[in-house]
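Results of the structural survey
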Amino acid sequence: MKPTVTMRDNRTGKEYEFEIKEATRGPSVVDISSFYAQTGMFTFDNGYTSTASCQSKITFIDGAKGELRYRGHTIEDLANNHSYLETCYLLLNEKLPTKEESYAFDLELRHRSFLHNELTHLFDAFPTGAHPMATLSAASASLSTFFYNHLNPQTDSEYQEMARRIVAKMPTIAAFAYRHSIGAAFIQPDINRSFTENFLYMLRAYPHERMHIDVEGERTIRPIEVEALDTIFTLHADHEQNASTSTVRGVASTGAHPYVAISAGISALWGRAHGGANESVIKQLEMIGSVERVDEFIARAKDPNDAFRLMGFGHRVYKNFDPRAKILKGLQDKLKDELNLDSNLMQIANKIEQIALSDEYFIKRKLYPNIDFYSGVILTALQIPKSMFTPVFVIGRTVGWISQWIEFKKDTNTKIARPRQLYLGE
Ligand code: CMC
């Protein structure tokens, strides 16, 4: 007999039965797809706090324990023992690559990192000073004009080509968006550099500069910087059905082009409740300015009549330490002496963390530091401009979005995402 849940309408005494579907791990779900047909009512779940919007085999989160896995592998293992590209391969292929597969994947992404020359003219349509996230969203959507044939991939190799193309080009688009925002010439990808090093190179280099020659002792890209950024990309690679991923799946459900779906995901990510938090954290730390002022802002965060929130704190799913935040905190400590971590910002951040972890308000609400709380200080030390913090999140997350798009398309049992409402109007 299938396990079920019985619901009783206490107005009429009528009972309705719904099937329980077991998860391989984590909470089971009640299949309420026949709820309306059976009861004539909708369910109401503001912000989807109790709704599973799809079935998936990609990412698992146990928010109470603070556990995160991609395709069954712990985030700690991937961050400590594997590169970002290996993680991409895992998300796209359901297994870690062999040495040969890893080499071929890396080489293919290097070759696919270039943009069509026509696309580079698109950036001119936007004013200097445009936020790179806005430009990034527009430029990603415009990729659908160049690769319209990716609309409906049929074979595995077509799916892979479509996915690898967008993963490879995202750092280039992001770097171009930044350089346009400061009125600087674009730096083309360098095929001799790895995925992550290339991104730093396209951000930092001067035209015609030979970056590997350390003239001033300043502008060379150090291996430790590449390693740190690579870990940051891995930590952002996927995160289950968050707001931007749900947006990507929602767009996928209408049959639109995958790169337009990614562009919608980028737009959803930009908000400060989601990926935009990393830029907001550092701006907030700068606004607080000194350790002495931390108490004042903690008090504001706790005041129910003040809209002020501590950026980088709280998470819909994690009611424990965000495991990604733990890894970044470790990375921050490791980099403290090697890179020029801003000690004033770190001191303010440490004091906020200390107070929040021992304060009744935060404990009661299970508000812990999240990934964005720590990434800003590290990204600052990597000389990544604030406006590029959320684009860094985008670069890391693109593989997750496209993996979820592929899973959606391959699922033969999907429907257009079309919620209903509780109508309260005239
Ligand atoms: N500072 C102060 N109070 C907070 C905070 C915060 N950062 N976050 C939540 N609360 C309080 C909130 O006021 C509420 O209190 P009460 O029960 O008295 O009304 C309670 O905690 C629950 O908050 P909520 O808004 O109902 O929780 P949510 O699950 O809907 O929101 C969140 C999650 C991440 C949007 C929220 O915690 C937040 O706005 N955090 C700051 C922004 C941030 O750091 N976002 C990055 C998330 S991690 C990166 C990613 O995966 O996108």
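Structural notes, computed from the coordinates. This is a predicted model, so every value here is computed, not measured. (Residues numbered from 1 in each chain as written. Predicted model: local features only at pLDDT ≥ 70, side-chain atom pairs only at ≥ 80, totals over all residues. Heavy atoms only, no water.)

Focus: the overall build of the protein
The test is simple: Numbering of helices and strands starts at the N terminus; helices are DSSP runs of H or I of at least 4 residues and strands are runs of E of at least 2. Only the C-alpha atoms count toward the radius of gyration. The rule for a globule is 2.2 Å times the residue count to the power 0.38. What makes two residues a contact is simply this: any of their non-hydrogen atoms within 4.5 Å. Accessibility throughout is a Shrake-Rupley quantity obtained with a 1.4 Å probe, and a residue counts as covered only by protein chains that appear here. Only four residue types enter the charge count, namely Lys and Arg as positive and Asp and Glu as negative; His and the chain termini do not. To locate a charge, take atom NZ for lysine, CZ for arginine, CG for aspartate or CD for glutamate.
When you go through the protein residue by residue, the secondary structure sums to 18 helices and six strands. In terms of overall size, the protein behaves like a compact globule, its C-alpha atoms giving a radius of gyration of 23 Å where 426 residues would be expected to give roughly 22 Å. With respect to the three principal axes, the spread of C-alpha positions in the protein is 80 × 60 × 50 Å. For the protein, contacts bridging at least 24 residues in sequence account for 71% of all contacts bridging at least 6. Roughly 21,200 Å² of accessible area belongs to the protein as shown, and the carbon and sulfur atoms make up 50% of that amount. Between the mean site of the 48 positive side-chain charges and the mean site of the 52 negative ones, the protein shows a separation of 4 Å.

Section: the sheet that holds strand E2 (residues 15–21)
Which entries qualify depends on this criterion: Two strands qualify as a pair provided that DSSP identifies no fewer than 2 bridges between them.
Ordered by their spatial adjacency, three strands build an open sheet running E1-E2-E3, and the pairing between neighbours is antiparallel. With partners counted over all chains shown, the strands left at the sheet margins are strand E1 (4–8) and strand E3 (29–30), one partner each.

A closer look at the site of the ligand
Rules: Near, as used in this document, describes a residue that has one of its heavy atoms within 4 Å of the molecule or strand being considered. Two N or O atoms count as a polar contact when they lie within 3.5 Å, although within protein this holds only if one can serve as hydrogen donor and the other as acceptor, and sequence-adjacent residues are included solely when both atoms are side-chain atoms. Note on residue categories: nonpolar means Ala, Val, Leu, Ile, Met, Phe, Trp, Tyr, Cys or Pro, charged means Asp, Glu, Lys or Arg, and polar means any other residue, Gly included.
As a matter of local geometry, the ligand sits amid 20 residues, with His274, Arg309, Leu310, Gly312 and Phe313 nearest to it. In the model, an oxygen atom of the ligand is placed 2.9 Å from a nitrogen or oxygen of the Arg309 side chain. Between the ligand and Phe313 there is a distance of 2.9 Å, counted from a nitrogen atom to a backbone nitrogen or oxygen. About the coverage of the ligand: the protein hides 72% of its 940 Å² of free accessible area. Residue classes in the shell around the ligand are distributed as eight nonpolar, six polar and six charged.

Looking at the pairing of E1
Here is the key point about a regular strand: its side chains alternate between the two faces of the sheet. Sheet topology note: the E1/E2 ladder contains five bridges and is antiparallel. Across the sheet, residue Arg8 finds its bridge partner in E2, namely Glu15. Here E1 hands over to E2 after six residues, with Gly13 in that stretch at a positive phi of 80°.

Let's talk about the packing of aromatic side chains
What counts, and what does not: For Phe, Tyr and Trp, where Trp contributes only its six-membered ring, two rings pair if their centres lie within 6.5 Å, and the inter-plane angle classes them as stacked under 30 degrees, edge-to-face over 60, or tilted in between. Exposed residues in this analysis have more than 50% of their type's maximum accessible area, buried residues have under 20%, and partly exposed residues fall in between, with area computed by a 1.4 Å probe over protein chains only. Placement of a positive charge over a ring is assigned whenever Lys NZ or Arg CZ falls within 6 Å of the ring centre and within 35 degrees of the normal to the ring plane.
Applying the stated criterion across every chain yields a total of 17 aromatic pairs. Here Tyr84 and Phe195 contribute two aromatic rings whose centre-to-centre distance is 5.4 Å and whose plane-to-plane angle is 40°, an arrangement assigned as tilted. Here Tyr84, found in helix H3 (residues 84–93), pairs with Phe195, found in helix H8 (residues 195–204); they are 111 residues apart in sequence, far enough to count as distant. Note on accessibility: Tyr84 and Phe195 belong to one class, buried. Geometrically, the ring pair formed by Phe123 and Phe186 is edge-to-face, given 5.3 Å between the ring centres and 65° between the ring planes. Here Phe123, found in the loop between helix H5 (117–122) and helix H6 (132–146), pairs with Phe186, found in the loop between helix H7 (156–181) and H8; they are 63 residues apart in sequence, far enough to count as distant. On the accessibility criterion, Phe123 (0% relative accessible area) is buried. Through a chain of ring-to-ring contacts, the aromatic side chains of Phe313, Tyr361, Phe362, Phe373 and Tyr374 assemble into a single cluster. For the cation-ring pair, Lys410 lies above Tyr159, with the distance from its terminal atom to the ring centre recorded as 4.8 Å.

Here's the deal with the sheet that holds strand E5 (residues 67–70)
The strand order E4-E5-E6 describes an open sheet built from three strands, whose pairing is antiparallel. Taken across any chain shown, the strands that pair with only one partner, and hence form the sheet edges, are strand E4 (59–62) and strand E6 (73–74).

So, helix H10 (residues 243–253)
Across the eleven residues that make up H10, a large majority, eight, are buried. Close packing links the buried residues of H10 with helix H11 (258–269) and helix H18 (389–410). Following H10 by one or two positions, Gly255 adopts a phi angle in the positive range, close to 90°.

Here's the deal with the packing of H7 against H11
Inclusion rule: Fitted lines through C-alpha atoms give the axes, limited to the stretch in contact for helices. The angle between two N-to-C directions lies from 0 to 180 degrees. Roughly parallel here means an angle under 35 degrees, roughly antiparallel means over 145, roughly perpendicular means 65 to 115, and every remaining angle is called oblique. The handedness criterion is simple: a crossing whose near helix is rotated anticlockwise from the far helix by less than a right angle is left-handed, and one whose near helix is rotated clockwise is right-handed.
At their nearest, the axes of H7 and H11 sit 11 Å apart, and the two run at 40° to each other. With respect to H11, the axis of H7 lies oblique. The handedness of the crossing between H7 and H11 is right-handed. Only Pro258, Tyr259, Ile262 and Ile266 of H11 make contact with H7, whose side of the interface consists of Met162, Arg165, Ile166 and Met170.

Overview of the pairing of E4
In E4, alternate side chains face the same way, and those of Thr59 and Ile61 on one face and Phe60 and Asp62 on the other are all buried. With four bridges connecting them, E4 and E5 associate as antiparallel partners. In the strand pairing of E5, Asp62 is matched with Glu67. Here E4 folds back onto E5, and the loop between the two strands holds four residues, one of which, Gly66, carries a positive phi near 80°.

With respect to the pattern of salt bridges
Let me state the cut-off plainly: Each salt bridge in this description consists of a side-chain nitrogen of Lys or Arg and a carboxyl oxygen of Asp or Glu lying within 4 Å of one another.
Evaluated as defined, the whole model comprises 23 salt bridges. Asp9 serves as the salt-bridge partner of Arg11, at 2.7 Å between the closest nitrogen and oxygen. Owing to a relative accessible area of 10%, Asp9 belongs among the buried residues under this scheme. Among the ionic pairs, Glu161 bridges to Arg165, the shortest N-O distance being 3.1 Å. With Glu161 and Arg165 both in helix H7 and four residues apart, the pair spans about one turn of that helix. Given the relative accessible area of 28%, Glu161 is considered partly exposed.

Comments concerning the nonpolar core
Burial of nonpolar side chains together is a common tendency in soluble globular proteins. Here is the rule: Put simply, a nonpolar core is a bunch of buried Ala, Val, Leu, Ile, Met, Phe, Trp, Tyr and Cys residues held in one set by side-chain atoms that sit within 4.5 Å of each other.
Of all hydrophobic cores here, the largest spans 112 residues; its most connected members are Phe199, Leu229, Leu285, Ile352, Ile384, Ile402 and Trp405. Among the elements that take part in this core, H7 stands out by supplying 13 residues, more than any other. Beyond its immediate stretch of four places on either side in the chain, Trp405 contacts His150, Leu151, Pro153, Tyr159, Met162, Val248, Ala252, Ala256, Pro258 and Ala261.

Interpretation in functional terms is not warranted from these geometric data alone.
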